[in-house]
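The lines below spell out each chain.
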Amino acid sequence: MPPIIELKAIYKIYPNGVMANKGVNFSVEPGEIHALVGENGAGKSTLMKIIYGMEQPTQGQVVVEGLERHFHSSRDAIDAGIGMVHQNFMLVPSFTVAENIVLGQEPTQRGLLNKQKAIDETIQISEQYGLRVEPKAIVDSINVGMRQRVEILKALYRGANILILDEPTAVLTPQETQELFLAIRKLVEQGKTVIFITHKLREVMEVSDRVTVLRQGEVVGTLPTSEATRESLARMMVGRDVLLRVEKPPAQRGRKVMEVQRLTYINDTGRSVLNDVSFNIYAGEILGIAGVEGNGQTELVEIMTGLRPSTSGNALVNGKAVLNKTPREVRMAGVSHIPEDRLTNGLALEASINENLIVDRYFRPPYKKGASIDYKQVAELGAKSIEKYGILTPDGELPVASLSGGNMQKVIVAREFTSDPELLIAAQPTRGIDVGATEFVREQLVKQRTDGTAVLLVSADLGEVMSLSDRIITMFEGEITGVFPDAASVTEEELGLYMLGIKHQSKEEMEELL
Amino acid sequence: MIRKLYMKPAVREFLRILLAITISLTLGFIITLLVSEDPVGAYKAFLTGPVSRINRTGEWIKEAITLTLLGLSVALVFKAELFSMGAEGQMLLGALVSGTISLFVPLPAILRIPLALFAAMLVGFLFGALPGYLKAHLNANEIVSTLMLNAIALRVYDYFLIFHIKPEGAGYNASDFFPKEGVLPTFIPNVPFLAEAYELFSRRANITIMLYIAIAVVVLVWYLMYRTPFGYELRMLGANMKFARYGGINTKKTVILTFAISGAVAGLAGAHLGMGIHEKLIANITIGIAFEGIVVALLARNNPVAVPFAALAYGYLRAGADIMERSSDVSREMVLVIQAIIILLVTAERVLPIVQQRVNNMRENTKAEAIEEGGQNVI
Ligand SMILES: Nc1ncnc2c1ncn2[C@@H]1O[C@H](COP(=O)(O)OP(=O)(O)OP(=O)(O)O)[C@@H](O)[C@H]1O
Ligand SMILES: [Mg+2]
């Protein structure tokens, strides 16, 4: 069968001179699940945007179903049956799910949106592909998993035959990932073709038929998944052997750094989000929090870092109260924070990389000199961070918006690691970053902990929590359901039972261990 | 090479404005053709009016000084992604306070003038802090609150002017002329070897030392915005408020301070109206200019260094329009239309992408070359 998509010798140079694709040849067979992998900044998103008409190739051919195409905008690509779900979602937050899905091709009645029809069509398409959504919910209020299903349905609603998913699993919990894979398989059974980008090689092995590896804008190779291993793919991506396991010297637990006591949080709608949560974090250990997303971890971290007021309870860092203090005060107490949502909290996109690196320190020496900021120092910090953390950019003065997703994350990691914290709170620290960078961040986390920093790790990636943590607590519906003092000796299944609230340790059992 | 030049933001900005002005002047001429008996004469009055006589040039420069200060005041607020319509009230109070000092405080000029200017800035600062406080602590919409504060300031100004400042029994609502000690001196010092120029300017185009003060304020505002911790806070607040908060910036304080500093600059503009332009306090002293700072800030893209140029260009348009109205059969309304077109074009974010597309097309030919070289910054 002829390929459904064929890219021939694609070059892409961005206006700032970055060459994101260099002579890429890429073909996709109809009805296959094709994985696209590569390091951060390898040019994956760019290549997909070219197929989707969002970017025009500087040179090269795009052939869809045997015809050479020149898409001027994504509308042209949509008309040709191509749909794409972006790394950063693009829904209208104040609209309902159904309105978002039909947006652009609304069923109308006398010129107005026919809401009932929109809802009916949403239900119908949602059932057809097995993607559960609530048609009447406002997008702002639904979780990421559902947002993503909305994005996929939106593409399908517009008649997509070929579906491009840019890092769909980066924001999903393991359960949601499984659901997504089921849906993808169903789509393929119904004759669709799927291209998906991921950094998790396990997922490539699990779901794809073929895989293409990009490195620095070039194709390293395309091969049937059955002939690949995680190790071989990692090597192709990075150009060297990558440690997929974390090497960790035994923990040397030190003094108590943070104490969280009977923390309770009731949100605006009166729901109890955190209920009587107590635990300690010690210097030199990584405490992992395992839990299905939405069980209070986000709020817990926000409260601990001063971003959200608590209802009651207490929290001390080195004996100093930090609850209901400002983020600045919490940071000054020695806490640094990798936020789970980098675009909302972690970065100012239009500001430069350098300026994003100093938000926690611009007001003190050596960055502040006299009445002003010493921008020479800032540039130095920028250059050092770019080098040490491998941020792919020609210049620290460029806006963060010009970086690839994974490189944005590295900017945050660089900032929070170089602030020399006593307690490092890392929420989803490797979300969306490539194997090489993931290895790096994990190594650095372990190094921080070995050097005596207390680390709190919150991650939706259970594998990450299990391989990095020294001690694990499980959370379910805002309560701690279990504590496992030796992370190495607990199984995924066991943790799962506590994460889903099926098993529950008693207060007395846990008291000693928290 | 061309491409490299094009990438420089300053160059791109300049080209953008030049293009917009050319297009709008052409459109303006077409409109003039349609409405005027003597389109060439009318348009000439518009284009060359402000430089045709020294006193007209003086008017233009003085207005540009006011516009510069107002533009800076608004640019500060815009840069933080906030909005303010408060310049009118801040200017009124600035004019009132500085005017009162100019009129009544028996100090020599060397003390009276700085005191008056300082007082104008202080009152602008405090009055500006108000909407900031309301925004930061009560989340009051800053457009509404600044407009309402303007109404209050106007009443206060009128009350003092009419019942306390204007000479008893006068049949008009204005103060006496300020004494010499309360008027800003001419920008050219009165020294022997500059005597001729001094004479010319002080009598026919009295541009004052506010010229230098305004330039100093430009530099200061630039420095504040791009070199100080406060400026960093302000810009991060504008770029992503949640990021600013997460990073530990006191966003409430930043909002209040931004409004306050913006108010201080507007207060100074108010002082210029009294002590530099009218040399007395009059009713409606801010009329026609209070909201023009918004246009200037838009034209300058909130870049303090670009503000004086935007103010000169926009001031020129305003002056030219006035002259065309007075010396031809084109009505004020038509003039306003032409002005509006220029503003629209220059500020429209859409213009740039169109130009960019053009340039891209132009570059088609050089692409192959670029690829052979391996791009510019291949990484
Ligand atoms: N709009 C843009 N303007 C300029 N440069 C860009 C732009 N978008 C991407 N780049 C650059 O192009 C290169 C490839 O970026 P791309 O987003 O395609 O990477 P990616 O493989 O998707 O990475 P990630 O895994 O981090 O998402 C990067 O060096 C990036 O900085
Ligand atoms: Mg990407």
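Residues numbered from 1 in each chain as written. Chains lettered and ligands numbered in written order. Predicted model: local features only at pLDDT ≥ 70, side-chain atom pairs only at ≥ 80, totals over all residues. Heavy atoms only, no water.

**Student:** If you had to explain empty space enclosed by the protein to someone new, which residues and values would you point to?
**Tutor:** Under the defined criterion, the tally for this structure stands at two cavities of 30 Å³ or more. If you trace the largest cavity, you find it lined by A:Thr305, A:Leu307, A:Pro327, A:Val330, A:Arg331, A:Val335, A:Ser336, A:His337 and B:Tyr246. Mapped onto the lining of the largest cavity, the elements with two or more residues apiece are helix H10 (327–332) and strand S18 (335–338) of chain A. Among the residues forming the lining of the largest cavity, the class breakdown is five nonpolar, three polar and one charged. Taken as a whole, the second largest cavity holds about 50 Å³ of empty space. Along its surface, the second largest cavity is lined by A:Thr173, A:Pro174, A:Gln175, A:Gly291, A:Val292, A:Glu293, A:Ser459, A:Ala460, A:Leu462 and A:Met499. Partitioning the lining of the second largest cavity into residue classes produces five nonpolar, four polar and one charged. Mapping the lining of the second largest cavity onto the domain boundaries places at least three of its residues in each of domain 1 (5–238) and domain 2 (246–334 + 422–514) of chain A. (1 Å grid on protein atoms, 1.4 Å probe; cavity = no way out; pocket = protein on both sides within 12 Å on 5 of 7 lines; lining within 4 Å. Points joined across faces, edges and corners; volume = space filled by probe spheres on them. Helix = DSSP H or I, 4+ residues; strand = E, 2+ residues; numbered from the N terminus. Nonpolar A, V, L, I, M, F, W, Y, C, P; charged D, E, K, R; others polar. Domains from an automatic or database assignment.)

**Student:** Would you mind going over the interface of chain A and chain B in detail, with residue names and values included?
**Tutor:** Residue-level contacts link 44 residues of chain A with 30 residues of chain B. Of the roughly 3100 Å² buried where chain A meets chain B, counting both sides, 60% is carbon and sulfur surface. When residues of chain A are sorted by the area they lose upon contact with chain B, A:Pro15, A:Val359 and A:Tyr362 head the list and together hold 16% of the total. Applying the counting rule to chain A against chain B returns one salt bridge. Where A:Glu355 meets B:Arg235, a salt bridge forms, and the shortest distance between an N and an O atom there is 2.9 Å. Counting only elements with at least two residues in the side of chain A that touches chain B, the list comes to strand S1 (5–13), strand S2 (19–28), H10, helix H11 (342–346), helix H12 (353–357), strand S20 (372–373) and helix H14 (405–417) of chain A. At four residues, H11(A) tops the list of elements feeding residues into the side of chain A that touches chain B. When the residues that make up the side of chain A that touches chain B are grouped by side-chain class, the tally is 22 nonpolar, twelve polar and ten charged. (Contact = heavy atoms within 4.5 Å. Buried area = accessible area lost by both parts, 1.4 Å probe. Salt bridge = Lys/Arg side-chain N within 4 Å of Asp/Glu carboxyl O.)

**Student:** Describe the packing of helix H4 (residues 54–79) of chain B against helix H13 (residues 292–299) of chain B, with residues and values.
**Tutor:** Residue and element names in this part refer to chain B. Where H4 contacts H13, the two axes come as close as 7 Å, and the packing angle between them is 70 degrees. For the element pair H4 / H13, the angle class is roughly perpendicular. Judged by the sense of rotation from one axis to the other, the crossing of H4 with H13 is right-handed. Here Leu 67, Leu 70, Gly 71, Val 74, Ala 75 and Phe 78 of H4 lie close against H13, whose contacting residues are Glu 292, Gly 293, Ile 294, Val 296, Ala 297 and Leu 298. A per-class count over the contact of H4 with H13 returns nine nonpolar, two polar and one charged. (Axes fitted to C-alpha atoms, helices over the stretch in contact; angles between N-to-C directions. Parallel < 35°, antiparallel > 145°, perpendicular 65-115°, else oblique. Left-handed = near helix turned anticlockwise from the far one by under 90°.)

**Student:** An account of unusual backbone geometry is requested, with residue identities and associated values reported.
**Tutor:** Residues and elements named next belong to chain A. Here the residue pair Pro 365 and Pro 366 is connected by a cis peptide bond, since its omega of 0 degrees sits within 30 degrees of zero. Within the secondary structure, Pro 366 sits in the loop between H12 and strand S19 (368–369). Phi at Asn 324 is positive, roughly 60 degrees, even though this residue is not glycine. With respect to the element layout, Asn 324 can be found in the loop between strand S17 (320–321) and H10.

**Student:** Give a description of the domain arrangement of chain B that names residues and reports values.
**Tutor:** For chain B, the domain assignment lists domain 1 (54–331) and domain 2 (352–379). When each unit is reduced to the centre of its C-alpha atoms, the spacing between domain 1 of chain B and domain 2 of chain B is 44 Å.

**Student:** Residue-level account of the environment of B:Gly267, with values.
**Tutor:** Residues and elements named next belong to chain B. As for its placement among the helices and strands, Gly 267 is situated in helix H12 (residues 251–278). Residue Gly 267 is classed as buried on the basis of its relative accessible area of 0%. Apart from the residues within four sequence positions on either side, Gly 267 is in contact with Gln 90, Gly 94, Ala 120 and Gly 124. (Buried < 20%, exposed > 50% of the residue type's maximum accessible area, 1.4 Å probe, protein only.)

**Student:** I'd like a rundown of the pattern of salt bridges, residues and numbers included.
**Tutor:** Residue and element names in this part refer to chain A. Under the counting rule described, the total for this entry stands at 29 salt bridges over all chains. One salt bridge connects Arg 262 with Asp 276, and the closest N-O pair in it is separated by 2.9 Å. Within this pair, whereas Arg 262 is found in strand S13 (residues 256–266), its partner Asp 276 is found in strand S14 (residues 272–282), the two being separated by 14 residues in sequence. A relative accessible area of 55% places Arg 262 in the exposed class.

**Student:** Describe the packing of aromatic side chains, with residues and values.
**Tutor:** Residue and element names in this part refer to chain B. Summed over the entire model, instances satisfying the criterion amount to 14 aromatic pairs over all chains. Judged by centre distance (5.5 Å) and plane angle (45 degrees), the ring pair of Tyr 43 and Phe 46 falls under tilted. You can see Tyr 43 and its partner Phe 46 sitting in helix H3 (residues 39–52), three residues apart, about one turn around the helix. Using a relative accessible area of 6% as the deciding quantity, one classes Tyr 43 as buried. (Phe/Tyr/Trp six-rings, centres within 6.5 Å; stacked < 30°, edge-to-face > 60°.)

**Student:** Go over the sheet that holds strand S5 (residues 67–69) of chain A with me, naming the residues and quoting the values.
**Tutor:** Residue and element names in this part refer to chain A. With antiparallel pairing, four strands are arranged side by side in an open sheet as S2-S1-S4-S5. On the outer flanks of this sheet lie S2 and S5, each paired with one strand and no other. Within the sheet, the average angular offset between the axes of one strand and its neighbour, ignoring direction, is 25 degrees. Where strand S4 (residues 59–64) and S5 come together, three bridges link them in antiparallel fashion. In the sheet register, Val 62 faces S5, and the bridge partner there is Arg 69. Sheet strands in contact with helix H1 (residues 44–51) are S1, S2 and S4, and its direction is about 60 degrees off that of S2. (Pairing = 2+ DSSP bridges.)

**Student:** A description of the site of ligand 1 should follow, citing residues and the corresponding values.
**Tutor:** Residues and elements named next belong to chain A. Around ligand 1 sit 20 residues, and of these Gly 41, Ser 45, Thr 46, Ser 404 and Gly 406 come closest. At 2.9 Å, a backbone N or O of Gly 43 approaches an oxygen atom of ligand 1. Within the side chain of Ser 404, one N or O atom sits 2.8 Å away from an oxygen atom of ligand 1. Burial of ligand 1 by the surrounding chains reaches 88%, relative to a free accessible area of 640 Å². Among the secondary structure elements, those contributing two or more residues to the shell around ligand 1 are H1 and H14. A breakdown of the residues in the shell around ligand 1 according to their chemical character gives five nonpolar, twelve polar and three charged. (Near = heavy atom within 4 Å. Polar contact = N/O pair within 3.5 Å; in protein donor to acceptor, adjacent residues only side chain to side chain. Areas by Shrake-Rupley, 256 points an atom, 1.4 Å probe, with all protein chains shown as cover.)

**Student:** Explain the pairing of S14(A) to me, and be specific about the residues and the numbers.
**Tutor:** In summary, the side chains of a regular strand alternate between the two faces of the sheet. All names here are of chain A. Sheet analysis places S13 next to S14, joined by seven bridges and oriented antiparallel. Across the sheet, residue Val 260 finds its bridge partner in S14, namely Phe 279. Between S13 and S14, which pair antiparallel in sequence order, lie five residues; one of them, Gly 270, sits at a positive phi of approximately 90 degrees.

**Student:** Got a sec to walk through the nonpolar core? Specific residues and values, please.
**Tutor:** Residue and element names in this part refer to chain B. Formed by 88 residues in total, the largest nonpolar core has its most connected members in Leu 69, Leu 117, Tyr 157, Met 275, Leu 281 and Tyr 314. By residue number, the principal contributor to this core is H12, which donates twelve residues. Among residues more than four places away in sequence, those in contact with Tyr 314 are Leu 67, Glu 292, Val 295, Val 296, Leu 299, Gln 339 and Ile 343. (Core = buried A, V, L, I, M, F, W, Y, C linked by side-chain atoms within 4.5 Å.)

**Student:** Describe in detail a negative patch on the surface, supporting the description with residues and values.
**Tutor:** All names here are of chain A. Negative charge collects at one region of the surface, where Glu 508, Glu 509, Glu 511 and Glu 512 lie side by side. By secondary structure assignment, the location of Glu 512 is in the segment after helix H18 (507–511). Since its relative accessible area comes to 72%, Glu 512 is described here as exposed. (Patch = residues over 30% accessible without salt bridge, like charges linked within 9 Å, V, L, I, M, F, W, Y side chains within 5 Å. Lys, Arg positive; Asp, Glu negative; His and termini not counted. Charge placed at Lys NZ, Arg CZ, Asp CG, Glu CD.)

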